[in-house]
Amino acid sequence: MVLNSQPYIRQVLIGVFKLWMRTMDLRHLRYFVAVADCQSFNKAADKLHISQPPLSRQIKQLEEELEIQLIDRSQRPLSLTEAGVFFYEHATRILSEADYLKSMTQRMARTQKTLSIGFVSSILYGTLPKVIGGFRRFHPDIEVRLHELNSWQQIEALKSGKIDAGFGRMRFEDPSIDRTVLREERLVAALPINHSLAKKNYKSISLLDIEHEPLLLFPKEPRPSFIDQVLDIFDERKIHPSNSREVRELQVALGLVAAGEGLTIVPHTVAHVRKDEICYIPLDDLHITSPIIISMRHFEKSKALNTLLKVAKENYGK
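As a starting point, this report considers the structure included with it. Predicted model only: the values in this text are computed from it and were never measured.

Cut-offs used in this document
Numbering of residues begins from 1 in every chain and follows the order in which that chain's sequence is written. With pLDDT at 70 or above as the cut-off, local features in this predicted model cover only qualifying residues; side-chain atom pairs require 80 or more to be listed or tallied, and sums for whole chains, interfaces and linings still use all residues. Side-chain metrics in this entry use all non-hydrogen atoms of the structure; hydrogen atoms and water are not considered. The way it works is that DSSP assigns letters per residue, a run of H or I at least four long becomes a helix, a run of E at least two long becomes a strand, and they are numbered from the N terminus. Throughout this description, buried means an accessible area under 20% of the type-specific maximum (1.4 Å probe, protein chains only), exposed means over 50%, and partly exposed covers the range between. A contact between two residues is defined here by any heavy atoms of the two lying within 4.5 Å. For accessible areas, the Shrake-Rupley method is used with a probe of radius 1.4 Å. Any residue's cover is judged against the shown protein chains and nothing else. Take the buried Ala, Val, Leu, Ile, Met, Phe, Trp, Tyr and Cys residues and link them wherever side-chain atoms come within 4.5 Å; each set so joined is a nonpolar core. If DSSP finds at least two bridges between two strands, the strands pair. The term salt bridge refers to a pairing of a side-chain nitrogen on Lys or Arg with a carboxyl oxygen on Asp or Glu at a separation within 4 Å. Fitted lines through C-alpha atoms serve as axes, helices being fitted only where they are in contact, and the angles separating the N-to-C directions of these axes extend from 0 to 180 degrees. Angles below 35 degrees are treated as roughly parallel, those above 145 as roughly antiparallel, those between 65 and 115 as roughly perpendicular, and all remaining angles as oblique. Should the near helix be turned anticlockwise from the far one by less than a right angle, the crossing is termed left-handed; should it be turned clockwise, right-handed. All residues other than Ala, Val, Leu, Ile, Met, Phe, Trp, Tyr, Cys, Pro, Asp, Glu, Lys and Arg, Gly among them, are scored as polar; the first ten of these are nonpolar and the last four charged.

The next thing to look at is the overall build of the chain. Each helix and strand counted, the chain has 12 helices and 11 strands in total. The buried share of the chain, reckoned over its 318 residues, is 48%. For the chain, contacts bridging at least 24 residues in sequence account for 75% of all contacts bridging at least 6. Accessible surface for the chain amounts to roughly 16,800 Å². Of this, 52% is attributable to carbon and sulfur atoms.

Have a look at this one:
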């Protein structure tokens, strides 16, 4: 709701400033939000695990501090006044930011002892182990915990504090996340070793060469992920695979290729896996790449995270 009464806005903002100068301001805000959400002092008291009379006194003190009425007590269920609606919107925002500040501060303190890193499986086959090894040489006392998550899951895990950094491939825009492209990695076709294209010893092949081949796409879920990146590459070039199949993950796709069930497209760093059963042929379009992206929370750069970013840039830049 937008207020038309400028005095209300001025009084409330002055009151909020006064509240921040007091030691009990957040508790006042939490009590008020609970009453507003429950539309009842009794229900809010039960939710807060306190008795009703002290809660009523706290809200009354809050209104006296602001010098304005926030709750219309003449109605059942209780309702907010116009100023109360305005105050509620800002109180919930302040509480959310306070909770976030608390959780992230605790997270940073834990980062001094542990560092949680998300990764997509294909990146683990490449330079990431060297990055982790390089980080451990600088911080041998910090425990590194690895979590396999797709790129979208990494963003959510960063925002919730589950991980401290993520190595993914999908480009997402989020103002709370800083993202750095470490490398644009070439994609290659993975074919059974006895496939006709493999036997011809081509230095490269085109997407048109495999348009009608049985194509294995991964991962089937969760989405969006690498599978969507590959499908976009075909769509951009107006090529439509006529025989595609979605499989659960990279390892399954490579196993099926080795068994002669089809071919797949993978990042170049995977091209050393099962080489006695799989032939890897580069794609002839130099623009068919997949980025390797490191993601971290915006404005959160501990010493450990700065080291991780530095080591990652050094290793992927080679």
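More follows now that the structure is in view.
Here we come to the nonpolar core. Counting 38 residues, the largest nonpolar core has L207, L254, I265, V266 and Y280 as its most contacted members. Listing elements by their share of this core, those giving two or more residues are β6 (177-192), α9 (196-199), β7 (215-217), α10 (226-236), α11 (250-258), β9 (263-267) and β10 (278-282). Setting aside chain neighbours within four positions, we find Y280 in contact with V188, A189, A190, L254, V266, V270, A271, H272, V273 and K275. Counting residues in hydrophobic clusters, the runner-up holds 24 residues, among them I117, A304, L308 and A312.

Turning to the pairing of β9, a few remarks are in order. Counted residue by residue, β9 has 5 buried out of 5 residues, so it is predominantly covered. Note: β6 against β9, 4 bridges, orientation antiparallel. In the sheet register, A190 faces β9, and the bridge partner there is T264.

For the rest of this paragraph, the subject is the pattern of salt bridges. Enumeration according to the criterion identifies 13 salt bridges in this entry. The partner of E246 in a salt bridge is R223, and the shortest N-O contact between them spans 3.7 Å. One end of the pair, E246, is in strand β8 (residues 244-246); the other, R223, is in the loop between β7 and α10, with 23 residues separating them in the sequence. R223 sits in the partly exposed class, given a relative accessible area of 34%. Across the pair R237 and E236 runs a salt bridge, and its minimum N-O distance is 3.5 Å. Judged by relative accessible area, which is 58%, E236 ranks as exposed.

With that settled, consider unusual backbone geometry. Omega for the peptide link from R76 to P77 comes to 0 degrees, which places this bond in the cis form. By the element assignment, P77 lies in the loop between β1 (71-72) and β2 (79-80). In this structure, the amide linkage connecting E221 to the following residue, P222, adopts the cis form with an omega of -5 degrees. Of note, P222 is situated in the loop between β7 and α10. Located in the positive-phi region is E67, a residue other than glycine, with phi close to 60 degrees.

What follows is about the packing of helix α7 (residues 128-138) against helix α12 (residues 303-316). Two quantities define a packed helix pair, namely the angle between the helix axes and the distance between the axes. Running from N to C, α7 and α12 point in directions that differ by 135 degrees, and their axes come no closer than 9 Å. Compared by their axis directions, α7 and α12 come out oblique. Remark: the crossing between α7 and α12 carries right-handed chirality. Contact residues: α7 offers L128, K130, V131, G134, F135 and F138, while α12 offers A304, T307, L308, V311, A312, N315 and Y316. Its residues placed into classes, the contact of α7 with α12 shows 9 nonpolar, 3 polar and 1 charged.

With that settled, consider the environment of V311. Mapping V311 onto the fold places it in helix α12. For the pair V311 and G133, spaced 178 residues apart in sequence, the C-alpha to C-alpha distance is 9.4 Å. In contact with V311, not counting residues within four places along its chain, are V131, G134, F135 and F138.

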